[in-house]
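# Analysis of the macromolecular model
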Amino acid sequence: MGVPPVTVEVVEREFGELALNMGPQHPSTHGVLRLVLHLSGETVVRAKPSIGYLHRGVEKLSEHLAYDQLAPVYERNDYLSPTANSLAYCLAVERLASIEVPRRGRFMRAFVAEWQRIASHLVWLGTLGLDLGGALGGGTTLYMYCFREREKILDFLEALTGTRFHTNVNMIGGCRYDLDAATAAWSERLAAAVEAALPELHAMSGDTPIFRERTRGVGVIPPDLALAVGVTGPTLRGSGIAHDVRKDAPYDAYGELPLSVPSRSAGDAEARFQVRIEEIRASLSLVRAIVAGLPAGPIFSRKPIKNPKATKVPAGEVYAAVESPRGELGMHLVSEGGPKPYRLKIRAPSFCNLQVVEYLLPGGLVADVVAILGSLDPVMGDVDR
């Protein structure tokens, strides 16, 4: 007895939007970031970033610690560039209290900040390779090569400060560590080694046709949108606006240093990549210029600190900003004249830059989400604080 034929009817239905949670535990969100994506097939229709998973209340904590105790606390915010955080804070206190920083101390601050900028950009490039995954042979090769160079920088910072990462180099009134002849020579060798590695890193990323296809024309930020949202840093300069706090509002030694500000006009993920690669070269030039022109003299202007609560800052308010690897990092400090800040508000560049996500992702594919997010280089400790 034969089996009767089965008639298969294919019915295609329109199911509408699919809501997909990407994160907060997701390797390509660069931390505990939750993206609520509304999809039509593979196309993103709407996107909403959800933050706050890493919030530590550091701004409120600032009201309960003495001025001289706070600089190391802020180094945990943007944990890929700790020095930038404490530097913005020290600048704010120094301006409000009229504390002068010795010239050599200003140069040393910029020296450490630029080495950490290079290290931060190397982390960004390596993790971008992981984000793009199989497009770059799995991405792990680029990641490991970038971290090889970063490890050299961390070894150098450990020799200079005793700490590989959270250097605690900035103090109100100056700098904690100085450069001697041996570490100056090490810095020169390190700059040459990192510079020699850049063509190899670029060959594994920007020179590959798949990388260009995944980033060119993807996540375009027009200049008017960048200004409206408050985007800064390489993300802003990738949209053709060459704004850099180090150049436009110089602090520490930057007014005395030859600084180039790279920019691109395309506004896409590839443009942001190109800006950061050029910034690594610019920072290498800066550390060489600092070593060559490091002035003599002290690095700290105040008396030795015996009781941190003895420091009192005059009543008033001030805003001070630095150019972190992610953009304008500012501190708005309010003092009532006591030993602790009355209020402190942090202008975090990652937070402002992340606001552009809901404008960039709609219309693109799910595969573009990680490329766009990686090109913005957000740090969630900087976002949530």
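A brief report on the enclosed structure follows. All figures in this text were calculated on a predicted structure; none of them were measured in a lab.

## Observations concerning the overall build of the protein chain
- Each helix and strand counted, the protein chain has 15 helices and eight strands in total.
- The C-alpha radius of gyration of the protein chain comes to 23 Å, within 12% of the 21 Å expected for a compact globule of 385 residues.
- If one aligns the C-alpha atoms of the protein chain with their principal axes, the spans along those axes are about 100 × 45 × 40 Å.
- By the burial criterion, 56% of the 385 residues in the protein chain qualify as buried.
- The contacts in the protein chain between residues at least 6 apart in sequence include a share of 71% that link residues at least 24 apart.
- Summed over its atoms, the accessible surface of the protein chain is roughly 16000 Å², and 56% of this surface lies on carbon and sulfur atoms.
- Both charge centroids of the protein chain, one from 41 positive and one from 43 negative side chains, sit 7 Å from each other.

## Concerning the pattern of salt bridges
- Scanning the entire structure with this criterion turns up 28 salt bridges.
- In this structure, D68 engages R302 in a salt bridge whose closest nitrogen and oxygen atoms are separated by 2.9 Å. Taken together, the residues D68 in helix α2 (residues 67–74) and R302 in the loop between α11 (269–293) and β6 (316–324) connect sequence positions 234 residues apart.
- Between D155 and R164 there is a salt bridge whose closest N-O contact spans 2.8 Å.
- Residue classification places R164 among the partly exposed positions, given a relative accessible area of 28%.
- Where salt bridges share partners, they join E114, R117, R237, D244, R246, E279 and E323 into one cluster.

## Here we look at the pairing of strand β7 (residues 327–335)
- When you tally the buried positions in β7, you get eight out of nine residues, the bulk of the element.
- Here β6 runs beside β7; their pairing, made up of nine bridges, is antiparallel. By the bridge assignment for β7, E317 is matched with V334.
- Counting the residues between successive antiparallel strands, the hairpin from β6 to β7 contains two residues.
- The pairing of β7 with strand β8 (residues 343–347) spans five bridges and is antiparallel. Among the inter-strand pairings, H332 is bridged to a residue of β8, identified as K345.

## A look at the sheet that holds strand β3 (residues 43–50)
- Spatially, the three strands line up as an open sheet ordered β1-β2-β3, and their pairing is antiparallel. Unpaired on one side and paired on the other, β1 (18–22) and β3 mark the two borders of the sheet. For this sheet, the mean inter-axis angle between neighbouring strands, taken without regard to orientation, is 20°.
- Pairing of β1 with strand β2 (residues 34–40), which is carried by five bridges, proceeds in the antiparallel orientation. Directly across from M22, in β2, lies its bridge partner L35.
- Contacts from helix α14 (residues 366–376) reach β1, β2 and β3 within the one sheet, and its direction differs from that of β2 by about 150°.

## Overview of the side chain of R385
- Take R385: it is sitting in the segment after α15 (380–384).
- Excluding anything up to four places from it in sequence, R385 contacts H55, R56, G57, V58, E59, N77, K345, I346, A348, F351 and M380.

## Details of the layout of surface pockets
- What the largest pocket holds in volume is close to 150 Å³.
- Along its surface, the largest pocket is lined by L91, E94, R95, S98, I99, E100, V101, R106, R109, Y251 and D252.
- Elements that contribute at least two residues to the lining of the largest pocket include exactly α3 (82–97) and α4 (103–132).
- Here the element with the most residues in the lining of the largest pocket is α3; it accounts for three residues.
- A breakdown of the residues in the lining of the largest pocket according to their chemical character gives four nonpolar, one polar and six charged.

## Quick look at the sheet that holds β8
- Strand order in the open sheet formed by three strands is β6-β7-β8, and the pairing between neighbours is antiparallel. Edge positions in the open sheet fall to β6 and β8, since each of these has one partner strand only. Neighbour-to-neighbour, the strand axes of the sheet open up by a mean angle of 15°, direction not taken into account.

## Structural notes on the pairing of β2
- With respect to burial, β2 is a largely interior element, five of its seven residues being buried.
- By the bridge criterion, seven bridges tie β2 to β3 in an arrangement that is antiparallel. The residue bridging H38 from the neighbouring strand is R46, located in β3.
- Here β2 folds back onto β3, and the loop between the two strands holds two residues, one of which, G41, carries a positive phi near 70°.

## Looking at empty space enclosed by the protein
- Within the structure shown, the criterion is met by two cavities of 30 Å³ or more.
- Reported here for the largest cavity is a volume of approximately 70 Å³.
- S81, A84, A113, R117 and E323 are the residues nearest the centre of the largest cavity, which is lined by 13 residues in total.
- By volume, the second largest cavity is sized at about 40 Å³.
- The wall of the second largest cavity is formed by L80, P82, Q116, A119, R150, L154, L157, R164 and F165.
- Listed by contribution, the elements that provide at least two residues to the lining of the second largest cavity are α4 and α5 (140–161).

Conventions adopted
Residues numbered from 1 in each chain as written. Predicted model: local features only at pLDDT ≥ 70, side-chain atom pairs only at ≥ 80, totals over all residues. Heavy atoms only, no water. Helix = DSSP H or I, 4+ residues; strand = E, 2+ residues; numbered from the N terminus. Rg over C-alpha atoms; globule rule 2.2 N^0.38 Å. Buried < 20%, exposed > 50% of the residue type's maximum accessible area, 1.4 Å probe, protein only. Contact = heavy atoms within 4.5 Å. Areas by Shrake-Rupley, 256 points an atom, 1.4 Å probe, with all protein chains shown as cover. Lys, Arg positive; Asp, Glu negative; His and termini not counted. Charge placed at Lys NZ, Arg CZ, Asp CG, Glu CD. Salt bridge = Lys/Arg side-chain N within 4 Å of Asp/Glu carboxyl O. Pairing = 2+ DSSP bridges. Axes fitted to C-alpha atoms, helices over the stretch in contact; angles between N-to-C directions. 1 Å grid on protein atoms, 1.4 Å probe; cavity = no way out; pocket = protein on both sides within 12 Å on 5 of 7 lines; lining within 4 Å. Points joined across faces, edges and corners; volume = space filled by probe spheres on them. Nonpolar A, V, L, I, M, F, W, Y, C, P; charged D, E, K, R; others polar.

It is worth stressing that arrangement in space is one thing and function is another; only the former is reported here.
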